[in-house]
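Take a look at the letters that make up each chain.
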Amino acid sequence: MGSHSSNYLRLVSYTKILAFHVNHGRHLDALSLFHHLHASSAAALDAFVFPLALKSCAAAHRPLLGAAIHVHVTKLSFVSNPFVACALVDMYGKCVSVSSARQLFDEITRRNVVVWNAMISTYTHAGRVADALGLFEVMDVEPNASTFNAIISGLSGLEDGSFKALSFYRRMGEAGLKQNLITLLALLRACVDLAALNLIKEIHGYAIRNGIDPHPHLMSCLVEAYGRCGCIVNAQFVFESMSTSERDVVAWSSLISAYALHGDAATALETFKQMEMEKVQPDGITFLGVLKACSHAGLADEALGYLGRMCNDYGVEATSDHYSCVVDVLSRAGRLNEAYEVISGMPVRATAKTWGALLGACRTYGEVELAEIAGRALFELEPNNPANYVLLARIYASVGRYEEAQRMRREMNERGVKSAPGSSWVVYQV
């Protein structure tokens, strides 16, 4: 009796250590401890241990070990345990395939909402939101907040899913379910895409009333959401309400980007200086906001300086978006040859946005030779974009080269490229 009790207490102690490793992302340590428990424990492992081990298998991408655990829990008849079943579905979805996870899901006879949520989340994480919605509609148990959160998050990540995400948010409220931090974070992304400022304020108010607003992640997202929707005063207010320790790189970058978006380059760059003084390490998104501020204000030399500092001082790898900002500011300043040199020296392939900035400036400054180079690059990148053909044709016409302009028109017709009519959209707040 004493020996059994001692082994049980030892297992409980090890399970706590295992949970600590998993919760702190130390998955290899967790799997090493699980192997030790499985090989040497006098007490049989219980259903609390296996979900932890399976979570680490998923995080560390250990499909073979996960499959071996699946065989073991099947022999122990633990698959009927909803937490074990949930962990198995998650592991197969992340380590093997979504179809394998679905096959296992279909084989589970006793499925509670936790198991359903695992499969729905597997679909949304894989970008198969339509399958997640289909599964949601055939649930034979009541969905909970986690179910709706998975759907809202998946819809918010789609190019055309923001309105549907808002619809599910309303549907969640109608079901009497309380929104939590995960709901608000997922919903804010949809609000930004739709520029739904009133709903952002609604989310902010809900967070305050329910004690969610002090969470640093939510505060950073609110700074970004307010800034991108044109409410710079609210963005600054939320940022200033955060403590110094809570102002992480996301919060600082969001505020810098908000100022840059509204053309306040001086404040954006001053904010970056404050960020450096606070010893917060900037990342690529931070420098993208800084370079956009330089671009909006026409600070070409400053943009080149920040690009150099980004790479040399902070070791941040420049992407095509960073180079696009530098090319844009150089092009706006009429320094077209320098802009072309930046494009030629880029370690990554120049995007249509980068070449487009150069082509647009070529029209402004009447530079035909570089316009031809930029135009041909754009024809390869965007063969069906009529704007590139029309712009190059206008550049030819502006310098009296009408035959080349007509040739551009003919080339459009031969490729079947047609100009799209103008359009606009409006968001109704009911």
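Rules used throughout
Residues numbered from 1 in each chain as written. Predicted model: local features only at pLDDT ≥ 70, side-chain atom pairs only at ≥ 80, totals over all residues. Heavy atoms only, no water. Helix = DSSP H or I, 4+ residues; strand = E, 2+ residues; numbered from the N terminus. Buried < 20%, exposed > 50% of the residue type's maximum accessible area, 1.4 Å probe, protein only. Areas by Shrake-Rupley, 256 points an atom, 1.4 Å probe, with all protein chains shown as cover. Lys, Arg positive; Asp, Glu negative; His and termini not counted. Charge placed at Lys NZ, Arg CZ, Asp CG, Glu CD. Polar contact = N/O pair within 3.5 Å; in protein donor to acceptor, adjacent residues only side chain to side chain. Contact = heavy atoms within 4.5 Å. Core = buried A, V, L, I, M, F, W, Y, C linked by side-chain atoms within 4.5 Å. Salt bridge = Lys/Arg side-chain N within 4 Å of Asp/Glu carboxyl O. 1 Å grid on protein atoms, 1.4 Å probe; cavity = no way out; pocket = protein on both sides within 12 Å on 5 of 7 lines; lining within 4 Å. Points joined across faces, edges and corners; volume = space filled by probe spheres on them. Nonpolar A, V, L, I, M, F, W, Y, C, P; charged D, E, K, R; others polar. Axes fitted to C-alpha atoms, helices over the stretch in contact; angles between N-to-C directions. Parallel < 35°, antiparallel > 145°, perpendicular 65-115°, else oblique. Phe/Tyr/Trp six-rings, centres within 6.5 Å; stacked < 30°, edge-to-face > 60°. Expected span 1.5 Å × (residues − 1). Arc of directions from axis to C-beta.

K.L.:
Before we move on, could you go through the overall build of the protein and cite the residues and values that matter?
P.N.:
Secondary structure summary: the protein contains 24 helices and zero strands in total. Residues classed as buried in the protein amount to 45% of the 430 residues present. Element-wise, carbon and sulfur atoms account for 53% of the exposed surface of the protein, whose accessible area totals about 22,000 Å². Taking the 37 positively charged and 41 negatively charged side chains of the protein as two groups, their mean positions are separated by 5 Å.

K.L.:
Residue-level account of the side chain of Thr-183, with values.
P.N.:
Within the secondary structure, Thr-183 sits in helix H11 (residues 181-194). There is a polar contact of 2.9 Å between the side chain of Thr-183 and the side chain of Asn-180. Among residues more than four places away in sequence, those in contact with Thr-183 are Asn-149, Ile-152, Tyr-169 and Met-172.

K.L.:
So what's going on with the nonpolar core? Residues and values would help.
P.N.:
Counting residues in each nonpolar core, the largest one holds 150 residues, and the members touching the most others are Leu-88 and Leu-218. For this core, the element with the most residues is H11, which contributes 10 residues.

K.L.:
Explain the pattern of salt bridges residue by residue, including any values.
P.N.:
When the charged atoms of two side chains lie near each other, side chains of opposite charge can form a pair. Going through the model one piece at a time under the given rule, you end up with 15 salt bridges. Between Arg-335 and Glu-338 there is a salt bridge, with its nearest N and O atoms 2.8 Å apart. Its relative accessible area of 32% is what places Glu-338 among the partly exposed residues. The structure contains a network of salt bridges with shared partners spanning Glu-276, Arg-309 and Asp-313.

K.L.:
An account of the layout of surface pockets is requested, with residue identities and associated values reported.
P.N.:
In this structure, the largest pocket encloses a volume near 770 Å³. In terms of lining, the largest pocket is formed by 33 residues, of which the most central are Cys-86, Asp-90, Lys-94, Ser-121 and His-125. Elements with a contribution of two residues or more to the lining of the largest pocket: helix H1 (2-23), helix H3 (49-60), helix H5 (82-95), helix H7 (113-125), helix H9 (145-156) and H11. The element best represented in the lining of the largest pocket is H7, accounting for seven residues. Counted by class, the lining of the largest pocket contains 17 nonpolar, 12 polar and four charged residues. Within this model, the second largest pocket holds a volume of roughly 460 Å³. Looking at the second largest pocket, it is lined by 21 residues, and the ones nearest its centre are Glu-224, Arg-228, Ser-253, Ser-257 and Ile-285.

K.L.:
Quick rundown of the packing of helix H19 (residues 320-332) against helix H21 (residues 352-365)? Include the residues and the values.
P.N.:
For the pair H19 and H21, the least separation of the axes is 8 Å and the interaxial angle reads 5°. Taken together, the axes of H19 and H21 lie roughly parallel to each other. Contacts between H19 and H21 involve Ser-320, Ser-324, Val-327, Asp-328, Ser-331 and Arg-332 from the first element and Lys-353, Thr-354, Ala-357, Leu-358, Ala-361 and Tyr-365 from the second. Residues that form the contact of H19 with H21 fall into these classes: five nonpolar, four polar and three charged.

K.L.:
Now, about the packing of aromatic side chains: what can you tell me, with residues and values included?
P.N.:
Across all of its chains, the model carries 12 aromatic pairs by this definition. With a centroid separation of 5.7 Å and 55° between ring planes, the pair formed by Phe-287 and Tyr-314 is classed as tilted. Here Phe-287 is found in helix H17 (residues 284-297), whereas its partner Tyr-314 is found in the loop between helix H18 (300-312) and H19, with 27 residues between them in sequence. Classification of Tyr-314 as partly exposed rests on a relative accessible area of 21%. Arranged with centres 4.2 Å apart and planes meeting at 5°, the rings of Phe-379 and Tyr-389 form a pair that is stacked. A residue pair is termed long-range when its members are at least 10 positions apart, and Phe-379 in helix H22 (residues 368-381) and Tyr-389 in helix H23 (residues 386-398) qualify at 10 residues. Three or more aromatic residues joined by ring pairs make a cluster, and in this case those are Phe-272, Phe-287, Tyr-306 and Tyr-314.

K.L.:
I'd like a description of the environment of Thr-319, backed by residues and values.
P.N.:
By the element assignment, Thr-319 lies in the loop between H18 and H19. Taking the C-alpha atoms as reference points, Thr-319 and Arg-247, 72 residues apart in sequence, are found 25 Å from one another.

K.L.:
Could you give an account of H18, with specific residues and numbers?
P.N.:
Between its terminal C-alpha atoms H18 stretches 18 Å, which fits the 18 Å expected from 13 residues at 1.5 Å a residue. By the burial criterion, the buried members of H18 are Ala-300, Ala-303, Tyr-306, Leu-307 and Met-310. Viewed along the axis of H18, the buried residues span an arc of 120°, placing them on a single side of the element. Residues of H18 that are exposed and point over 90 degrees away from its buried face: Asp-301 and Asn-312. At its buried positions, H18 is contacted by helix H16 (265-277), H17 and H19.

K.L.:
Run through the environment of Ala-405, naming residues and quoting values.
P.N.:
Secondary-structure assignment places Ala-405 in helix H24 (residues 402-415). Once the C-alpha coordinates of Ala-405 and Arg-394 are considered, the two residues, 11 residues apart in sequence, prove to be 6.7 Å apart. In contact with Ala-405, other than residues within four places in its own chain, are Ala-393, Tyr-396 and Ala-397.

K.L.:
Pulling in residues and values, what's your account of H9?
P.N.:
The end-to-end C-alpha distance of H9 is 16 Å, a good match for the 16 Å that 12 residues give at a rise of 1.5 Å each. Turning to H9, its buried residues number three or more, namely Ala-145, Thr-147, Phe-148, Asn-149, Ala-150, Ile-151, Ile-152, Gly-154, Leu-155 and Ser-156. Looking at the packing, one finds that the buried side of H9 touches H7, helix H8 (129-137), helix H10 (162-174) and H11.

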